Amino acid sequence: MAVRQAATAGTPGPRREEEAALLFERAHYRHDPRWLLPVTPRLCLACALELLPDPGVSLVRKKHMLSCFQDALVRHTSLVTQLVSQDQRVCIHFISVLFGLLCSMEDGSVTDLCIEVLIQITTQLKLEQTIRCLLDECHKELCNMPSMRGSLATLTLLGKLVDAIPALADELVMEHGNLMEHLLRGLVYPSEGIQASVCYLYGKLYSSPVAAEMLSGHFREKLFPLFLSILDGAQTKELQINCLGLLRQLLKYDLFVSMIMNQDGLGESAKNIEGSSGNTSLPLVLKKLLLSRDETLQVASAHCITAVLVHSPAKHASAFIHADIPEFLFEHLSSSSEVLVWSSCNCLTLLVEEPLFFSKCHTVYGIEAVVRSLQGSLKMNNIELHKQGLLLFAEILTRQPEEIKLFTSSAMCRDAGRALQEAVSSPVLEVAAEALKATSAFLSFLILHTTDPGAEGQVLQWSESLSPKPGVFQFPLLYVPQPSLSSREDRTTFQRRHHAEREQSPELSAVSELLQHGLPQISSRSPESLAFLSDRQYMEGAARQRQYCILLLFYLAYIHEDRFVSEAELFEAVQSFLLSLQDQGERPPLVVFKASIYLLAICQDKDNTLRETMVSAIRKFLEGIPDLQLVYTHHPLLLRFFLLYPELMSRYGHRVLELWFFWEESSYEELDDVTSAGQPALPASLVVLFQLLRSIPSILLILLDLIYSSPVDTAHKVLISLRTFLRRNEDIQVGGLIRGHFLLILQRLLVEHGASPSGASGNLPLLLSLLSLMQLRNVSEQELDSVAMKLLHQVSKLCGKCSPTDVDILQPSFNFLYWSLHQTTPSSQKRAAAVLLSSTGLMELLEKMLALTLAKADSPRTALLCSAWLLTASFSAQQHKGSLQASRTWGLALYPVPCQVHQTLSVEMDQVLKALSFPKKKAALLSAAILCFLRTALRQSFSSALVALVPSGAQPLPATKDTVLAPLRMSQVRSLVIGLQNLLVQKDPLLSQACVGCLEALLDYLDARSPDIALHVASQPWNRFLLFTLLDAGENSFLRPEILRLMTLFMRYRSSSVLSHEEVGDVLQGVALADLSTLSNTTLQALHGFFQQLQSMGHLADHSMAQTLQASLEGLPPSTSSGQPPLQDMLCLGGVAVSLSHIRN
């Protein structure tokens, strides 16, 4: 008591109460004063040892004591350390108490305090026995846990302990080896908090080289596949950051980098670990993080990529390039974060060391981002960012292949030049030096890479503007002179400055070497040089080198639109030069032959052609070249050159067209916009191609192969070009040619990839799109020939192997099948229907599609559902109409006769009605397609052998009316009528026609079973309101075909409550005043039906009205003689093949 009183004597009230809370009153009087902290807060270690484990003490009080103890450790570190270290047994007991409290508490704030106090005490005392005690406690706790549920605090403590004392990593691995098994348990436990703490601890262990070496087998066999899978699926930022932290530690070592990047080297047991994903790769995981919107994760991902690449770009860069990592790194160059931009630049600089980076053409779209980033970064005060951006720019220009065009406009070149000019003027020596290297690379690149007119002048202008002020830096400037062969000074300047280039491109190096050797020997003017090039006498080495140099100078002049010699003379001179090479059995350097081919193509007059001997010589030269790309220059006349001569086209037509479309940069999307007013002007390049297509239709077959085999971007350009050509050249009949070749491609695909055709080629949807377009071009009904029937079979077979999610393949396929079925003669329709109905796979697919109409999740696109319903309606109509009964085996040489269906489609009527009652937004066409199907079923009295209506779940006992209407119920009739009325109110022309057609079929169905019910439905008062709502759509709205048909229907059932006698008279008066010659054939047909219905009723008592009717009938032109041009029946609406007559009637 005396001690307690002494401790609290003279203390103010509030502080006395606070300090009293730190003492355990009933035991403190027994404690030796040496355990009391002599300063505020007045902590008693002995009280803490008794109070903290006591279950009777409140959590708040324990938390307060821990908080004060932590505060004392920070403020009075030495005093608290002395207090605790007085007796080692007491110290160890205190640690045990704190650890026990840590493991027993669920309050996160308390456990955090326990961990902080334990870490501070352990690191301050630095007693080996204390540390060992804490490690043993942790190990024991993890071993005794039946589940990892309560392991979070222990794992967190271990991680922070190893972080505070790095040497513990080696001890943990050597003396507590089986701890790794518990860490693996934590890694698969379904708690991202526990997984994060495990990854944090692993990261600290692998930060030690000794521990990392001992754990290499553990990583290979158990940790790696599991860890990568967890990183891929991590949702919380804590887990993502800790996983990336572990990854950064692993990527310090060559061994682990090789394991991670080469998963084939993993042990078999690693592939069977629970929770691991065999398909997860590091590039794809890091790509996913690059795509996240979290800057921290993006930066960490870029750092990890860099950490891999620094070990060996040659080994590992290709994996990241194939994963399209450069694309997203280029995007991040526009970020406002300096760290992210620097990280992305650093990463890209390493990736450009791999040639695949350029063959994948990442720089083509990335160079603009680099230039923009360079401009933006120079406005910041970040020297490292300036240096890294300039280094990346220089590396790209140095390594960029000559055949791949980089700068797409002079504006981009100007932006780059201005940025470099600003960087050269930097007051920071390192930045200015890096800018000089980038400037040299930039100017060297423009000399022989750009094809922009007037490029030489731009290079000279930039060379002068980028020159530093005297006394700062001096460096060699590059200048391409205007090609004046008589100017000795220009030639010398060119030679000297060209020699100063340091280009890595093999072609540029070859050009440089040839010009260096040949330029000093040229002293003649242009005519003499042309004559020398034409000389076919035997040429020695030096003379031949001189010819090479002259030819290259002509080439450089012509690619820059500087034509200072006659094209005809140059055309003959180049031919003589090539024949001279052939005579002497020589092969020119690639750059020389490339220049020769280009000049021949440019200078060839439209009326002149090469001699057969010349074409043969060119082909022999080409046969010695491994890839045409090495001598290809992108120009429409070069394309014409290769396609004009059959001997060249047969061998090189495919490759030259592939290169042509790869390099084409015209805006093809505008050409494909058929909705725009008028036709957009064709680029000059396509004008040349279309002229060739008209004169040489066989080129179309090469284009078809390109659509199938080229990269998607290239194939898409080819498709748009072909579609544009077919639309603008309807007089060219090439359908048979294209369809026959497409059949061969499709047959080959189904043989090679029969199990999964959707994965065979990403371009298959493009081919199918072209096929459906070819079918749409047939404006008149035509018999289906053998090729068409085979195509129907192959396309239906292809559809049967697809799932509803293969939208890109199924949509054009369904369009082709639908148009083929509707755009042919009745006899061909029967044969086509027989072929398609025999495809069990197609029928099963359609059944799945119809069932997905109301699905909220995993539902295909609305357009595909439209096609599915329209196809089903068409199949059902054809099957019922033809009474297909027999079944025969399909053979490619024998068409099947009408046959019985092999697969019945089950459709739930309630689901169909629900789809009509609750239509999807902006899905009028889908509703029209479902109505088309329902109209067909009603006309068949639900007796189709193809479609079976099945009930939805348990049904109530049928009422008397339901028995009469079976299989419909009266409730379904009411639901359908309400749905039709609601859809009609939308006033969509096509949907309205489908609604009226379905209502006609419904009333016919009801009338055949119960005329009273039919009359009841037709005479509903709501119908009158509906009719007048439709009539309120504008002047002469009664002349809309759907309204005329609706009025005809109500008159047929004598629904005077809907349309009175007087109102009919008003309609007739309006018809008499209308100009019937302006009406469409569809409207005229509806008007004929309306008049005939009134005439057949014979209830017109008004003589004047009868006369008006007669006059109108006599004045009405036949349906085929309307003054309006007939509307095209076959259309593509929103990507869906539609026959307007099919939906209307």
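Residues numbered from 1 in each chain as written. Predicted model: local features only at pLDDT ≥ 70, side-chain atom pairs only at ≥ 80, totals over all residues. Heavy atoms only, no water.

As for the overall build of the protein
Test applied: A run of H or I in DSSP becomes a helix once it reaches four residues, and a run of E becomes a strand once it reaches two; helices and strands are each numbered from the N terminus. Only protein chains enter the calculation, and the probe is 1.4 Å; a residue is then buried if its accessible area is under 20% of its type maximum, exposed if over 50%, and partly exposed in between. Note on definitions: a residue-residue contact is assigned when non-hydrogen atoms from the two residues lie within 4.5 Å. For the accessible areas, the method is Shrake-Rupley and the probe is 1.4 Å, while residue cover comes only from the protein chains on display.
The number of helices and strands found in the protein is 60 helices and 4 strands. Within the protein, the proportion of its 1145 residues that are buried is 55%. Considering only residue pairs separated by 6 or more positions, the protein has 74% of its internal contacts joining residues 24 or more positions apart. Accessible area for the protein stands at about 49000 Å²; split by element, carbon and sulfur atoms hold 52% of it.

As for the pairing of strand 3 (residues 1130-1133)
To be explicit about the condition: Strand pairing requires that DSSP identify at least two bridges connecting the strands.
Examined bridge by bridge, strand 3 and strand 4 (residues 1136-1139) share 4 bridges and lie antiparallel to one another. Bridge pairing in strand 4 places L1131 opposite V1138. Adjacent in sequence and paired antiparallel, strand 3 and strand 4 are bridged by 2 residues, among which G1134 carries a positive phi angle near 60°.

Some details on unusual backbone geometry
Omega for the peptide link from A966 to P967 comes to 10°, which places this bond in the cis form. The backbone of D324 shows a phi angle near 65°, a positive value even though the residue is not glycine. Positionally, D324 belongs in the loop between helix 20 (313-322) and helix 21 (325-332). If you check the backbone angles, S941 has positive phi at about 55° while not being a glycine. Overall, the relative accessible area of 32% leaves S941 in the partly exposed class.

Thoughts on the packing of helix 21 against helix 22 (residues 338-351)
So the rule is basically this: Angles here are taken between N-to-C directions and fall from 0 to 180 degrees, while the axes themselves are lines fitted to C-alpha atoms, restricted in helices to the stretch in contact. Whether a crossing is left-handed or right-handed is set by the direction in which the near helix is turned from the far one by less than a right angle, anticlockwise for left-handed and clockwise for right-handed. Asp, Glu, Lys and Arg are counted as charged, while Ala, Val, Leu, Ile, Met, Phe, Trp, Tyr, Cys and Pro are counted as nonpolar; the rest, among them Gly, fall into the polar class.
Interhelical geometry of helix 21 versus helix 22 gives an angle of 145° and a closest axis separation of 9 Å. In terms of crossing hand, the pair formed by helix 21 and helix 22 is left-handed. Facing P326, L329, F330 and H332 of helix 21, the residues of helix 22 in contact are L340, V341, S344, C347, L348 and L351. Its residues placed into classes, the contact of helix 21 with helix 22 shows 8 nonpolar, 2 polar and no charged.

So, the pattern of salt bridges
Under the convention used in this document: Any carboxyl oxygen of Asp or Glu within 4 Å of a side-chain nitrogen of Lys or Arg constitutes a salt bridge here.
Overall, the coordinates contain 27 salt bridges when judged by the stated rule. R655 serves as the salt-bridge partner of E658, at 2.8 Å between the closest nitrogen and oxygen. Of the two residues, E658 and R655 are both situated in helix 37 (residues 646-663); the distance of 3 residues between them amounts to about one turn of the helix. With relative accessibility at 23%, the residue R655 sits in the partly exposed group.

Overview of the state of the cysteines
Defined as follows: Any pair of cysteine sulfurs within 2.5 Å is marked as a disulfide.
Counting across every chain of the model gives 0 disulfides. Looking at the unpaired C103, the closest cysteine sulfur is the one in C138, lying at 7.4 Å. Residue classification places C103 among the partly exposed positions, given a relative accessible area of 28%.

Remarks on the side chain of T154
Residue placement: T154 occurs in helix 10 (residues 152-164). If we skip the residues at most four places from it in the chain, T154 touches F99, C103, C138, E141, L142 and M145.

Some thoughts on the side chain of S874
Defined as follows: For this analysis, a polar contact is any N or O atom pair within 3.5 Å, provided that within protein one partner can donate a hydrogen and the other can accept it, and provided that sequence-adjacent residues contribute only side-chain to side-chain pairs.
For S874, the position within the fold is in helix 48 (residues 862-882). Among the polar contacts listed, one links the side chain of S874 to the backbone oxygen of L870, at a separation of 2.8 Å.

As for the packing of aromatic side chains
Here is the rule we go by: Two rings belonging to Phe, Tyr or Trp (six-membered ring only in the last case) form a pair when the distance between their centres is within 6.5 Å. Interplanar angles under 30 degrees mark stacking, angles over 60 mark edge-to-face geometry, and anything in between is tilted. A ring is considered to have a charge above it if a Lys NZ or an Arg CZ atom is located within 6 Å of its centre and within 35 degrees of its normal.
Scanning all chains against the criterion turns up 21 aromatic pairs. A ring pair is formed by Y206 and F219, whose centres lie 6.2 Å apart and whose planes are at 70°; its orientation type is edge-to-face. Here F219 lies in helix 15 (residues 216-233) and Y206 lies in helix 13 (residues 192-206), a separation of 13 residues in the sequence. For F219, a relative accessible area of 0% translates into the label buried. Residues F942 and Y1005 carry aromatic rings whose centres are separated by 5.3 Å and whose planes lie at 85° to one another, so their mutual orientation is edge-to-face. Of this pair, F942 sits in the loop between helix 50 (924-939) and strand 2 (947-950) while Y1005 sits in helix 53 (residues 989-1009), and the two are 63 residues apart along the sequence. The class for Y1005 is buried, based on a relative accessible area of 2%. By the ring-pair criterion, three or more aromatic residues cluster together here, those being Y202, Y206, F219, F224, Y253 and F256. Lying across the ring of Y1005, R1009 places its NZ or CZ 3.8 Å from the centre.

Structural notes on helix 19 (residues 295-309)
Selection criterion: How far a helix is expected to stretch is found by multiplying one less than its residue total by 1.5 Å.
With 15 residues, helix 19 extends 21 Å between its outermost C-alpha atoms, agreeing within 8% with the 21 Å of an ideal straight helix rising 1.5 Å per residue. Judged by how many residues are buried, helix 19 sits mostly within the fold: 12 of 15 residues are covered. Burial in helix 19 covers these residues: L297, Q298, V299, A300, S301, A302, C304, I305, T306, A307, V308 and L309. Each element contacted by the buried residues of helix 19 is listed here: helix 16 (237-250), helix 17 (254-261), helix 18 (282-290), helix 20, helix 21 and helix 22.

Structural notes on helix 43 (residues 764-776)
Over its 13 residues, helix 43 extends 19 Å from the first C-alpha to the last, a length consistent with the 18 Å expected when each residue adds 1.5 Å. The buried fraction of helix 43 is high, at 13 of 13 residues.

Description of the packing of helix 7 (residues 88-104) against helix 10
Just so we agree on the cut-off: What sets the label is the angle itself: under 35 degrees gives roughly parallel, over 145 gives roughly antiparallel, 65 to 115 gives roughly perpendicular, and the rest give oblique.
Helix 10 packs onto helix 7 with a crossing angle of 135° between their chain directions and a minimal axis gap of 8 Å. The pairing of helix 7 with helix 10 is recorded here as oblique in orientation. Between helix 7 and helix 10, the residues in contact are F99, L102 and C103 and A153, T154 and L157, respectively. Split into classes, the residues belonging to the contact of helix 7 with helix 10 amount to 5 nonpolar, 1 polar and no charged.

What to know about the environment of L1046
Checked against the element boundaries, L1046 lands in helix 56 (residues 1041-1052). By relative accessible area, L1046 is classed as buried at 0%.

As for the confidence of the model for the protein
Spelled out, the test is: The predictor attaches a confidence to each residue, and that confidence, scored 0 to 100, is pLDDT.
Here the protein averages 80 in pLDDT, while 82% of its residues score no lower than 70. Throughout residues 265-273 the model reports pLDDT below 50, and contacts reaching past four residues in sequence, or to other chains, amount to 17 contacts. Here residues 884-899 is a poorly scored stretch, pLDDT under 50, and it has 32 contacts once near neighbours within four places are set aside; other chains count.

Details of the environment of H635
Checked against the element boundaries, H635 lands in the loop between helix 35 (612-623) and helix 36 (636-644). In this structure, the C-alpha to C-alpha distance between H635 and E664, residues 29 residues apart in sequence, is 9.4 Å. When sequence neighbours within four positions are dropped, the list of residues in contact with H635 reads Y598, I602 and W660.

What about the environment of C103?
Inspection of the secondary structure puts C103 in helix 7. Separated by 11 residues in sequence, C103 and C114 have C-alpha atoms that sit 9.6 Å apart.

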